[in-house]
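Fold and contact review
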Amino acid sequence: MKNFRKMTLALFACLLFTVSGCGGEDSEKEEANKKVKLVTNEIYEAPQDPNNTQTELFNQLSKALKDGADEEKCAELVAKNFAFDFLTLANKKDGTDIGGLTYLPQDYREEFSLYAQSNYYNSYATIVKQYDKDSLPQMKELKTEKITPSSLYIGETSGEGYIVSLTAKYENTELSNDALKTSMSIQVMKNAQGRLEVIGLE
């Protein structure tokens, strides 16, 4: 659990609510007229109310799993889908609607959810009250900078996995992009059943 508490604290510490001098262009906020069809898989739950960018990212993961892509590629896509869903608040119902839980180990989801509600997701109501729902963070782009095979551990369990380094961009709102989490290293480890899971973030 230490990994997850460190993860949430790192995210919460980086989310500073400052007013940006300029709002986003309408064209950047509007969804494309044609909605991309979501392709599901049997391992990870589909995101709720995703925009086209998130749908396309999840579809890449579903395709990689179906095609039997190499483990490193699947780990990269697991990390990117987790980051996109967890850090995006714009499509969440409220501060208890935690994103990305499907990518975590089952035994840690409830505790992590409660911890996230008290920290990073606690900002949901603050943003809506101080600005509006349109100012909630919306991930726009994720870029993979580096993937490093590593020996990882969570609790007393250890195993082989990957550290996936990402950089992120967000849609322009009254919150400054500079105040959001824009770089991260996500630890992805394979469990005993062969399922790739997020076990930490820095």
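Figured I'd write up the structure that's included with this text. (Residues numbered from 1 in each chain as written. Predicted model: local features only at pLDDT ≥ 70, side-chain atom pairs only at ≥ 80, totals over all residues. Heavy atoms only, no water.)

Details of the environment of threonine 96
With respect to the helices and strands, the residue threonine 96 is situated in the loop between α4 (71-87) and α5 (109-118). As a C-alpha pair, threonine 96 and tyrosine 121 span 25 residues in sequence and 7.1 Å in three-dimensional space. Within the structure, threonine 96 has its side chain in polar contact with the side chain of aspartate 94 (distance 2.6 Å). (Helix = DSSP H or I, 4+ residues; strand = E, 2+ residues; numbered from the N terminus. Polar contact = N/O pair within 3.5 Å; in protein donor to acceptor, adjacent residues only side chain to side chain.)

Topic: the side chain of serine 113
As for its position among the elements, serine 113 is in helix α5. With residues up to four places along the chain from it excluded, the contact list for serine 113 reads Ile98 and Leu101. (Contact = heavy atoms within 4.5 Å.)

Here we look at the side chain of serine 150
Along the chain, the position of serine 150 falls in strand β1 (residues 139-154). Reaching out from serine 150, the side chain makes a polar contact with the backbone oxygen of threonine 148 at a distance of 3.2 Å. If we ignore the near neighbours within four places in the chain, the residues touching serine 150 are Gly159, Glu160, Gly161, Tyr162 and Ile163.

Topic: helix α6 (residues 123-130)
Considered for burial, the residues of α6 that qualify are Ser123, Tyr124 and Ile127. An end-on view of α6 places all buried positions within 110° of arc, on one side of the element. Opposite the buried face of α6, by more than 90 degrees, sit the exposed residues Ala125 and Lys129. (Buried < 20%, exposed > 50% of the residue type's maximum accessible area, 1.4 Å probe, protein only. Arc of directions from axis to C-beta.)

The quantities given are spatial measurements derived from coordinates; they are silent on function.
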